[in-house]
Amino acid sequence: MKTRFSVLVFLCSHLVCLFNSFISFSQYKVGFSQCSTTHEWRKDQIKQMQIESALYPDIELIIKDAKNSSDNQITQIESLINEGVDLLIVSANESKALTPIIEKVYKRGIPVILLERYIESNYYTSYIGSNNYKIGTEAAKYASKLLNGKGEVIEITGLLETWPAKERQKGFKEEISNYPEIRIKKSIEGEWSFSKSEREISNIINSNVSFDLIYAHNDLMALGAVNSLKELKVQNRPFVIGIDGLNGEFGGIQAVLDKNIDATFLYPTGSELALQIADKILKGEPVKRQNILETIVIDSTNAKIVKLLSGQIESFQQNLEEQSSKLNFQISKQQSQQVVLMLTIACLFLIVVIIYVIYRNFQNKVNANLNLITINKEIENQNIQITKKNDELIYFGNQLEQTLNTKLSFFTIVSHEFKTPLTLIKGPLENLMEKQVFSKHEQFILKLIYRNILKLLHLVNQLMDFRKIERKKLELYLSKVNFFNFFKDVINSFSLILKQSNISITLECQNENIEGYLDVEKIQKAIYSILMDIQIRTPDFGKIYIKISEINLSSNQSNNQEVLIEIVDTNTGLTQEKLDTIFDAFNENVRFGDYFKTVLGLNLTKEFVEMHGGRILVENEKGFGVKFSLYLPVNKDSNFIERKEKEYNPIEPSELLIDYQKDFHIVNFQEIRTPLINTQGGSSLPVILVVEDIADIRDFIRISLGNKYVFLEANNGVEAIEVIKDREPDLIISDVMMPNMNGLELVHLLKSDIKTCHIPIILLTAWGELEHKLEGLDYGADAYLPKPFNSKLLQIRIAKLLELRLKLINHYHSISDNQMDIEESGLNKMDKVFLLKIGRIIESSIDNENFNVEELSNKMGMSRTYIYRKIKKMTDMSISEFIIATRLKKSLELLRNSGKSISEIAYDVGFKTPSYYTRCFKNIFKITPSEYIERNK
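Keep in mind the model is a prediction, meaning the values are calculated, not measured.

Here is what the cut-offs are and how they apply
- Residues numbered from 1 in each chain as written.
- Predicted model: local features only at pLDDT ≥ 70, side-chain atom pairs only at ≥ 80, totals over all residues.
- Heavy atoms only, no water.
- Helix = DSSP H or I, 4+ residues; strand = E, 2+ residues; numbered from the N terminus.
- Buried < 20%, exposed > 50% of the residue type's maximum accessible area, 1.4 Å probe, protein only.
- Contact = heavy atoms within 4.5 Å.
- Pairing = 2+ DSSP bridges.
- Axes fitted to C-alpha atoms, helices over the stretch in contact; angles between N-to-C directions.
- Right-handed = clockwise from strand over helix to strand, strands pointing away.
- Expected span 1.5 Å × (residues − 1).
- Core = buried A, V, L, I, M, F, W, Y, C linked by side-chain atoms within 4.5 Å.
- Salt bridge = Lys/Arg side-chain N within 4 Å of Asp/Glu carboxyl O.
- Patch = residues over 30% accessible without salt bridge, like charges linked within 9 Å, V, L, I, M, F, W, Y side chains within 5 Å.
- Areas by Shrake-Rupley, 256 points an atom, 1.4 Å probe, with all protein chains shown as cover.
- Lys, Arg positive; Asp, Glu negative; His and termini not counted.
- Polar contact = N/O pair within 3.5 Å; in protein donor to acceptor, adjacent residues only side chain to side chain.

K.L.:
When you look at the overall build of the protein chain in this model, what are you seeing that I'm missing?
P.N.:
Along the backbone of the protein chain there are 29 helices and 27 strands. Taking all 937 residues of the protein chain together, the buried fraction comes to 46%. A separation of at least 24 residues holds for 71% of the contacts in the protein chain among residues at least 6 apart in sequence.

What follows is the structure in structure tokens.
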């Protein structure tokens, strides 16, 4: 009883206090000037402040929305002063514009709390907000991890007149400067807007600007950028980082979970703390002037946890708001009806609920903080592990470099040893070639071997030159030359190669008497490499211009002269990335069209020019293509070793040209290739299309396969497509590495088209590793042979692939009614689907004697012509013959097992008359239905 009385006293005392609070007016007015409410983050900020205000009944909260206008905000603050606010909370639209009015408020004795945005003055009472500079630095650190320390960044800023945008930009730039291989390629102002960010990123993408990561000052702009990437269907999507970390359907946390952005940084609103500090200030209690809110990174590792915690907090806040609304309703009801008992019960219930909600909210906040502490510790541990891994990578990198140098030295030694057996092959081969006892085909093969021996020798010499340059062992020997005559001879010796592509070359020289000192052999190699590089990129009937001019570097020194050699083509030019890496050794990323260039030529060109004390530059020439500029000193340096008594002799075509030839046969051979292509349109031989950019290999394939096939030729995938349009082959043999369209792309294109997917394709490539073989087969190739390939194995592969089609033809012409297992037939997936579908359609109408080609075409959803070509190629039948064959195959089982008469069976399988059925049966199976029944009794 005593306990119950104590409880009753406790409740009554709290009821009296609450009742007094209901009938009394708020003691303080607090104005909140919000710069905008269009952004979800700011809506959430206001919502949290309204919920928190329910805990302070003596404070009347007045909220003003400036709608992104500094002028509106200044006017609204003036209005709040006139309304007699006791304290002002401000989130400034623009720091500079709002500074004077906020100073005015502060100087009038009204406390000012700055919420998340500083002003350009110290006239304020307290500041609440995150450290935007630190958020910028944390974002930069996280970006460096995503990019592995290397990449290009697009920054989307907020309004740069605002404090958060300035600090976030400053922190990011200063931190990212610690990563020299990460560059901010472009900084654009997104104005905190989804649409503005979307438009700016679209403009950047349409300008072909490449980048690896987008850093946006808020999640809304980050989502705008992501939407632009999706709209423009950008492949290899860059990383995207935002700031705010809001919960909800369109918040940053959900965007991370949906993998639209890679990370967001929590940017707390500070609403609860703002009212807590306001309450203390109004009650005369001391407060901190700087209240910095902490941030965390939210990415795929913790987004689910943070979303769960945020959801719980929002749920409790919503419950609190709902309970506050109920409380207000009950107070209003009590004041209007003056029902003390009902008010007492309602207030008691609401007080208990509020205490419970506050307690639970507090507990959840504590748990959330504990979870965040745990997450931070995990992140710290991960950072330690990453640091260890980086140290290990540096160590292994050094070890790898040492190993690579050792391997390269070994390879150079082995390459040197190649020269002896190559010489022993070359000498006897030359003796054989001088004899006139061989047939034309045998002579062709001998010359093919000879050309490739010379290429091997040149590649060995090239590699040895490269190693000598690396080890500073390659010496320079100079001869005095006339530059005009020298380059004229070089052009003449290379003109035979250029004529193959109908490329013209023009030489212009200001002074034909310019003389100087060169290492003739090295500069000759350098010029050949440049001309070959241009020939690869220049289409037929292109032009090359070479201009020679003198440059006086100093008017006071007659010896300080240079010769400038400019070589320009008429192609479309190269991207900046390709220009920057064109002289790199072993660079497999330099692509001309889709053609990989892996030789050392241009790297050695640069080295040879620099050995002369010169320099070489490359750039895109406006109105032309790519321009190479070689600057060579006219006078010899004292450090150079001159070749003794060596006079310059005009250059003759030599073995140097062998490596630069494109389908070129040595002039001394006077080679006339024997035409091996069978062009007889009526031939019944299988047609094979050979797709290879090297003529020697095409010739070798044709010779290896003999006269069993009709051959078609193509230099690359693009030409192959055009050839197939004119005449469809029975089988394709294709190289992988080719210009314009490589073999893998050709396979993918043909195998993904129902019109051509039935054509068997064999890939030939110098890449023999298992991963490359799997890649080729994954693209849809039927067979994959590494070079050098065995011609017998190639013949077997061809025969087996062609045999598959023959089995299909025999199936429809055979009297056996055993159904061919389409799934296990080895056919292409699209061909399997085609045959299964057309078979089901015919069988579904098997008893319909009026079922014809037109009806089949309509049900297949394909043209009659296309179905005819497909059926003819796969079964050697017309569509009508195929329908009849399917009907006859169905009748075999009925003849054996149904017990029906031949006439009944004929009608059951769709023949109009038994006599027509018997005639078709005998034409295909060579026996009558009656004879078939007798055989199977």
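Still more ground to cover, so stick around.
K.L.:
How should I be thinking about the sheet that holds strand 17 (residues 561–569) in this particular structure?
P.N.:
The strands that make up a sheet are held in pairs by hydrogen bonds between backbone atoms, and each pair lies either parallel or antiparallel. Taken in spatial order, the 5 strands of this open sheet run 14-16-17-21-20, and their pairing is mixed. Strand pairing shows two members of the sheet lacking a second neighbour, strand 14 (504–509) and strand 20 (615–620), which therefore form its edges. Strand-to-strand twist across the sheet, computed as the mean angle between neighbouring axes with direction ignored, equals 15 degrees. With 9 bridges connecting them, strand 16 (residues 543–552) and strand 17 associate as antiparallel partners. Bridge pairing in strand 17 places E550 opposite V563. Helix 14 (residues 483–500) contacts strand 14, strand 16, strand 17 and strand 21 (626–633) of the sheet and is inclined by roughly 175 degrees relative to strand 14. Along the sheet, helix 15 (residues 520–537) makes contact with strand 14, strand 16, strand 17, strand 20 and strand 21, crossing strand 21 at roughly 175 degrees.

K.L.:
What is the right way to look at the pairing of strand 24 (residues 710–714) in this model?
P.N.:
Regular strands place side chains that alternate from one sheet face to the opposite one. With respect to burial, strand 24 is a largely interior element, 4 of its 5 residues being buried. Relative to strand 24, strand 23 (residues 687–691) is paired through 5 bridges, and the arrangement is parallel. Across the sheet, residue I688 finds its bridge partner in strand 24, namely F711. For the crossover from strand 23 across helix 18 (residues 695–705) to strand 24, the handedness is right-handed.

K.L.:
Got a minute to help me understand helix 26 (residues 879–897) in this structure?
P.N.:
It helps to recall that an α-helix has 3.6 residues per turn; residues three or four apart then point in one direction. In this model, helix 26 (19 residues) spans 28 Å end to end at C-alpha, consistent with the 27 Å of a helix rising 1.5 Å per residue. G899 occupies a position one or two residues after helix 26 and carries a positive phi of about 80 degrees.

K.L.:
Would you mind going over the nonpolar core with me for this structure?
P.N.:
Side chains that are nonpolar tend, in soluble globular proteins, to be buried together. Judged by nonpolar contacts, the single largest core of 41 residues is most densely connected at I527, I530, I544, I565, I567, F628 and L630. Mapped by element, the contributors of at least two residues to this core are helix 14, helix 15, strand 16, strand 17, helix 17 (601–611), strand 20 and strand 21. Per element, the largest residue contribution to this core is 9 residues, and it comes from helix 14. Membership of the second largest hydrophobic core comes to 36 residues, among which are I841, F851, M874 and M877.

K.L.:
I tried to follow the pattern of salt bridges on my own but got confused; where do I start?
P.N.:
Any two side chains of opposite charge can pair, given that their charged atoms come close. Tallied over the full model, the rule gives 29 salt bridges. With a closest N to O distance of 3.2 Å, K283 and D279 form a salt bridge. Relative accessible area serves as the criterion here: at 47%, K283 is assigned to the partly exposed category. Under the relative-accessibility criterion, D279 is labelled buried at 9%.

K.L.:
Explanation requested: the sheet that holds strand 5 (residues 126–130) in the structure shown.
P.N.:
Spatial ordering of the open sheet is given by 2-1-3-4-5-11, a layout of 6 strands whose pairing is parallel. Two strands in the sheet have a free side with no partner beyond their single neighbour: strand 2 (59–65) and strand 11 (290–293). Neighbour to neighbour, the strand axes of the sheet diverge by 15 degrees on average, direction disregarded. Along the sheet face, helix 2 (residues 40–53) touches strand 1 (28–34), strand 2, strand 3 (87–91) and strand 4 (112–115) and points at about 170 degrees away from the line of strand 1. Contacts between helix 10 (residues 271–282) and the sheet are confined to strand 1, strand 2, strand 3, strand 4, strand 5 and strand 11, with strand 4 contributing the most and set at about 170 degrees to the helix.

K.L.:
I keep staring at the environment of Y477 and nothing clicks. Help me out?
P.N.:
Structurally, Y477 is set in strand 13 (residues 477–482). The exposure class of Y477 is partly exposed, given its relative accessible area of 31%.

K.L.:
Help me understand a nonpolar patch on the surface, please; the structure alone is not making it clear to me.
P.N.:
Taken together, the side chains of F362, V366, L370 and I373 define a hydrophobic patch exposed on the protein surface, amounting to about 360 Å² of accessible area. Within the element layout of this structure, V366 appears in helix 12 (residues 340–434). The class of V366 is partly exposed, set by a relative accessible area of 31%.

K.L.:
Which parts of the structure should I look at to understand the side chain of R887?
P.N.:
The residue R887 is located in helix 26 in this model. No salt bridge is formed by the buried R887, whose closest oppositely charged neighbour, D847, lies at an N-O distance of 6.9 Å. There is a polar contact of 2.7 Å between the side chain of R887 and the backbone oxygen of I846. Residues in contact with R887, not counting those within four places in the same chain, are S845, I846, N848, F851, V909, G910 and F911.

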